[in-house]
Amino acid sequence: MTPPDPTSDAPPREGAAPVPGPGEAAPAPGPGGLPAPGDRPGLSLLIAAGGSGGHVFPGLALARTIVRHEPEATVRFAGTTRGLETRVVPEAGFALDLLPILPLSRRLSKETLLAPFAAVNGTFAARRLLREHHFDVVCGMGGYVTLPVAVAARMEGVPVVLHEQNAVPGIANRLAARVASRIAVGVEAAAAAFPPERTVVVGNPVRPELARLDRAALHDEAVAAFGLDPDRRTLFVFGGSQGARHLNQAVIAATAHWPDPAGVQVLHACGRRDEADVRAAWAEADPDGRDLLVKVVPFVDRMDLAYAAADLAMTRAGAITMAELTAAAVPAVMVPLPHATADHQAANARAVAAAGGAVVIDDAALDGPAVAAAVAPLLADPERLAAMAEAMRSQAHPDAAEELAALVVEASGRRTREDFLADVAAAAAPVDREATGWFESAGAPAGGPTVQRRVDRRTKRMEAYPPIDRNARRSAQDQGEAGAPVDAKDADPATGGAPPGVQEPRPPAAGDASSNGRPASRPNAGGGPPTDQDAGP
């Protein structure tokens, strides 16, 4: 269904609230203005999430949870033209409004000077968006998109819920907290930065199949999927959707320093950006000559299988990486990104290291010998790995998405938090991978919604949206059951994939694997959406 064009002369749809024209004041919420929440067909939520996967993917997890448990809900996203949200949000089946906001860089540049003016323009654009769609509640996921949207929501009388993923809160959430009714934090250490009476620790939402991952149950399938040796101990190295160049270099440089290479194997997710260089470097390091088994994958579609295969992970310390590792109970060697804003990755890593789940290495000290010295003793000590796994699990918040959704629903005034969570508990069901595959949708472009863009000449606001018609879903399902092809517009709005009962192409189960640096085929060369991990150099 194509959103209405404010420049069109066509009359508004029946029952729609009027959109104020230029110079007109927005209708006041409540009696005499917008319909009361109870008189609307379903919850209307705007999620402000842009920039990195650390902001966008928790927002998508929240959106999917809301839609799953509030079937009549309408969820839209607000972002910018320069973040990964322009791709992954429409692919997930949610509408995306792009606001004219610029990031505030610490470096003096033209963009830095223009950022405050862009924030003002973004606030006015966000007010127009709020007036047009009459949202019940706004949820800001942090990042530079959140503050203008939160300010606009306060001006329009719309309640605001914030979610902070990191142990050290970003400046946008620190400022937006002044207008927020509730503040949810992913790490307990962040709670001290916000008013205690409005702050609650919920954790960081992760993909449904990772929230309570049983690694032991998936281990055999995972080892086979990546072509690993079941008798070796596995180090899983990854640095984010784009990889981490320094981690890539260090693990390759460790080739000559393993004390027992015949008992070790490396599953190396290097990132598409550096794949050619990494394969060449591995070939030069000659792990075969040292009897070290290496599997290189540029991108991992099935992170549940990667975590199930791993005995130990070596990675950066982004918020969503930490949430996934704790949820999956994967012991880790953490190398925080040295130039992360406010050094938040170091704080994230310290939180799990203090619990005993991780070992932290300073990026400046990372080289081949340091990797072998830190990793080899851990891989040789199954009892310590088991203890680290339990420590990781103790830091997990498997219900983070549901807890955050409950706060959002309660802030809207529709239901209490306790009532929502009671319904969630009553509806608990095993995770269905086919129904939660939005993060893999880019691997099957024929089955997901297409992305269109238009420019609203009156507001000068670009809007991106997938042409989804919820009413067409049932008819598309009927066609699929009869063997008819599925058009992109009939994709399931909750998953970004084909409607239930309709088969669609899927990406390879375990990515593009090769052995010891030798090239392999690229069946998914078009790429998929980034994983939840934060990228780093």
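Our structure's up above, just so we're on the same page.
Residues numbered from 1 in each chain as written. Predicted model: local features only at pLDDT ≥ 70, side-chain atom pairs only at ≥ 80, totals over all residues. Heavy atoms only, no water.

**Let's talk about the overall build of the protein**
1) Next: Scanning the protein for helices and strands turns up 17 helices and 16 strands.
2) Next: Out of the 537 residues in the protein, the part that is buried amounts to 56%.
3) Next: Look at the contacts in the protein between residues 6 or more apart in sequence, and 71% of them connect residues 24 or more apart.
4) Next: Carbon together with sulfur atoms contributes 54% to the accessible area of the protein, which is approximately 21,900 Å² in total. (Helix = DSSP H or I, 4+ residues; strand = E, 2+ residues; numbered from the N terminus. Buried < 20%, exposed > 50% of the residue type's maximum accessible area, 1.4 Å probe, protein only. Contact = heavy atoms within 4.5 Å. Areas by Shrake-Rupley, 256 points an atom, 1.4 Å probe, with all protein chains shown as cover.)

**Considering the side chain of Glu164**
1) Next: Residue position: Glu164 is located in strand S5 (residues 160-164).
2) Next: Arg174 is the oppositely charged side chain nearest to the buried, salt-bridge-free Glu164, at an N-O distance of 7.2 Å.
3) Next: One polar contact links the side chain of Glu164 to the main-chain amide nitrogen of Asn166, over a distance of 3.0 Å.
4) Next: Here Glu164 is in contact with Pro169, Gly170, Asn173, Ala184, Val185, Gly186, Ala190, Phe194 and Asn204, once residues within four sequence places are set aside. (Lys, Arg positive; Asp, Glu negative; His and termini not counted. Salt bridge = Lys/Arg side-chain N within 4 Å of Asp/Glu carboxyl O. Polar contact = N/O pair within 3.5 Å; in protein donor to acceptor, adjacent residues only side chain to side chain.)

**Description of the pairing of strand S1 (residues 44-48)**
1) Next: Among the five residues in S1, five count as buried, and that is most of the element.
2) Next: Here S1 shows two buried faces, one formed by Ser44, Leu46 and Ala48 and the other by Leu45 and Ile47.
3) Next: Note: S1 against strand S2 (residues 74-79), five bridges, orientation parallel. Each bridged residue has a counterpart across the sheet, and for Ile47 the counterpart in S2 is Phe77.
4) Next: Between S1 and its parallel partner S2, the chain crosses via helix H1 (residues 53-69), and the hand of that crossover is right-handed.
5) Next: Bridging between S1 and strand S4 (residues 137-140) involves four bridges; their strand directions are parallel. Within the sheet, the bridge partner assigned to Ala48 lies in S4 and is Gly140. (Pairing = 2+ DSSP bridges. Right-handed = clockwise from strand over helix to strand, strands pointing away.)

**Quick word on helix H4 (residues 146-156)**
1) Next: Residues of H4 that are buried: Thr146, Pro148, Val149, Ala150, Ala152, Ala153 and Glu156.
2) Next: Just downstream of H4, Gly157 is the residue with a positive phi angle, here 75 degrees.

**Here's the deal with the environment of Ala328**
1) Next: Structurally, the position occupied by Ala328 is in helix H11 (residues 319-328).
2) Next: Look at Ala328 and you get buried, because its relative accessible area is 0%.
3) Next: Not counting chain neighbours up to four residues away, the residues in contact with Ala328 comprise Leu210, Leu213, Arg215 and Tyr307.

**Things to note about unusual backbone geometry**
What is expected of a backbone is that most residues other than glycine have negative phi and most peptide bonds are trans.
1) Next: Within the chain, His134 stands out as a residue other than glycine whose phi angle is a positive 55 degrees.
2) Next: For Asp286, which is not glycine, the phi dihedral falls at a positive 55 degrees.
3) Next: Take Asp286: it is sitting in the loop between helix H9 (275-285) and strand S10 (293-297).
4) Next: Among the residues examined, Asp286 registers a relative accessible area of 40% and is labelled partly exposed.

**Let's talk about the nonpolar core**
1) Next: Ranked by size, the top nonpolar core spans 36 residues in total, and within it Phe226, Phe236, Phe238, Val300, Tyr307, Leu325 and Met334 carry the most contacts.
2) Next: Broken down by secondary-structure element, the contributors of at least two residues to this core are helix H6 (208-211), helix H7 (215-226), strand S8 (233-238), strand S9 (264-269), helix H10 (303-309), H11, strand S12 (332-334) and helix H12 (344-355).
3) Next: Here the element with the most residues in this core is H10; it accounts for six residues. (Core = buried A, V, L, I, M, F, W, Y, C linked by side-chain atoms within 4.5 Å.)

**Some points on the packing of aromatic side chains**
A ring pair, where both rings are aromatic, is described by two values, the distance of the centres and the angle of the planes.
1) Next: Within this structure, the stated rule accounts for four aromatic pairs.
2) Next: Aromatic pair Phe77 and Phe94: ring centres 5.9 Å apart, planes at 55 degrees, arrangement tilted. Note that Phe77 is positioned in strand S2 and Phe94 in the loop between helix H2 (85-91) and strand S3 (95-98), a separation of 17 residues in sequence.
3) Next: Looking at Phe77, the relative accessible area reads 0%, which means it is buried.
4) Next: With a relative accessible area of 2%, Phe94 lands in the buried category.
5) Next: Judged by centre distance (6.1 Å) and plane angle (75 degrees), the ring pair of Phe236 and Tyr307 falls under edge-to-face. Residue Phe236 is located in strand S8, and its partner Tyr307 is located in helix H10; the two are separated by 71 residues in the primary sequence.
6) Next: With relative accessibility at 0%, the residue Tyr307 sits in the buried group. (Phe/Tyr/Trp six-rings, centres within 6.5 Å; stacked < 30°, edge-to-face > 60°.)

**Re the packing of helix H15 (residues 400-412) against helix H16 (residues 417-426)**
1) Next: Viewed as axis vectors pointing N to C, H15 and H16 meet at an angle of 140 degrees, and their least axial separation amounts to 8 Å. Our classification of the angle between H15 and H16 gives oblique. Two packed elements cross with a definite hand, and for H15 against H16 that hand is right-handed. Each of Glu402, Glu403, Ala405, Ala406, Leu407, Val409 and Glu410 in H15 lies in contact with H16, whose residues at this interface are Arg417, Glu418, Phe420, Leu421 and Val424.
2) Next: Of the residues in the contact of H15 with H16, the class split is seven nonpolar, no polar and five charged. (Axes fitted to C-alpha atoms, helices over the stretch in contact; angles between N-to-C directions. Parallel < 35°, antiparallel > 145°, perpendicular 65-115°, else oblique. Left-handed = near helix turned anticlockwise from the far one by under 90°. Nonpolar A, V, L, I, M, F, W, Y, C, P; charged D, E, K, R; others polar.)

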